Amino acid sequence: MEDKYKDIRVITSEELDLKLILSDIPQAAFYYEIIRNSDNESVGSCGIRIKKTDENYYLGNIEYEVDEEYRGNNYAYKACKLLTVVAKYFGCNDLSITTTPTNFASLKIIEKLGAKFIKVETVPENIKLYKQKDRFISIYKWNINDKGEKIKW
């Protein structure tokens, strides 16, 4: 990876680190392993796609997955907050987040981030998400400058 991207190779907070595991510079896509600092344990992965494409419209700008045994610790939420470093690096203030309408765990994260519901779309056949069981995707817009966390769990 080019040296100009050194500031987004590892993104650190008090509790978690995001360590870059894959990048696609032409597509401005970066994928990270989520590492818990207390024991250097990998708890999941996340990614951010900056480039506006038809595929990314349905995939969203960010994605996250926490391994089952680590769920319930707000790691996906915290990883999303850390991904804003990358968004700001590329001059983005708004990110889209998508999920199936029945993914309640993801909906909680989206709500906690303060993202606003935009609409439900039918996924076209030419988009790789089409292969999923649910053909509908809910699209949210997240202004990363908003504080979020308006709800308590």
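Located above this text is the structure these notes cover.
Here the structure is a predicted model, which means the values were calculated and not measured.

Draft legend 1. Layout of the packing of aromatic side chains. All told, the structure shown has four aromatic pairs when counted by the stated rule. Seen in terms of ring centroids, Tyr57 and Tyr58 are 4.9 Å apart; in terms of plane orientation they differ by 85°. Their pairing is edge-to-face. Clustering of aromatic rings is evident, with ring pairs tying together Phe30, Tyr89 and Phe90. When the ring centre of Tyr77 is taken as origin, the NZ or CZ atom of Lys112, which lies over that ring, is 4.8 Å away.

Draft legend 2. Region of interest: a nonpolar patch on the surface. Together, Phe117, Val120 and Phe136 line one region of the surface with nonpolar side chains, adding up to about 280 Å² of accessible area. Relative to the assigned elements, Val120 resides in strand S7 (residues 116-122). Taking the relative accessible area as the measure of exposure, Val120 reaches 42% and is therefore partly exposed.

Draft legend 3. Geometry of the sheet that holds strand S2 (residues 16-24). One open sheet holds the five strands; their spatial order is S1-S2-S3-S4-S5, and the pairing between them is antiparallel. In this open sheet, the two edge strands, each paired with only one partner strand, are strand S1 (10-12) and strand S5 (62-66). Going from strand to strand, the sheet's axes swing by 20° on average, the running direction of each strand aside. Here S2 runs beside strand S3 (residues 29-36); their pairing, made up of eight bridges, is antiparallel. Bridge pairing links Leu18 to Ile34 in S3.

Reading the values: rules and limits
Residues numbered from 1 in each chain as written. Predicted model: local features only at pLDDT ≥ 70, side-chain atom pairs only at ≥ 80, totals over all residues. Heavy atoms only, no water. Phe/Tyr/Trp six-rings, centres within 6.5 Å; stacked < 30°, edge-to-face > 60°. Lys NZ or Arg CZ within 6 Å of the ring centre and 35° of its normal. Patch = residues over 30% accessible without salt bridge, like charges linked within 9 Å, V, L, I, M, F, W, Y side chains within 5 Å. Areas by Shrake-Rupley, 256 points an atom, 1.4 Å probe, with all protein chains shown as cover. Salt bridge = Lys/Arg side-chain N within 4 Å of Asp/Glu carboxyl O. Helix = DSSP H or I, 4+ residues; strand = E, 2+ residues; numbered from the N terminus. Buried < 20%, exposed > 50% of the residue type's maximum accessible area, 1.4 Å probe, protein only. Pairing = 2+ DSSP bridges. Axes fitted to C-alpha atoms, helices over the stretch in contact; angles between N-to-C directions.

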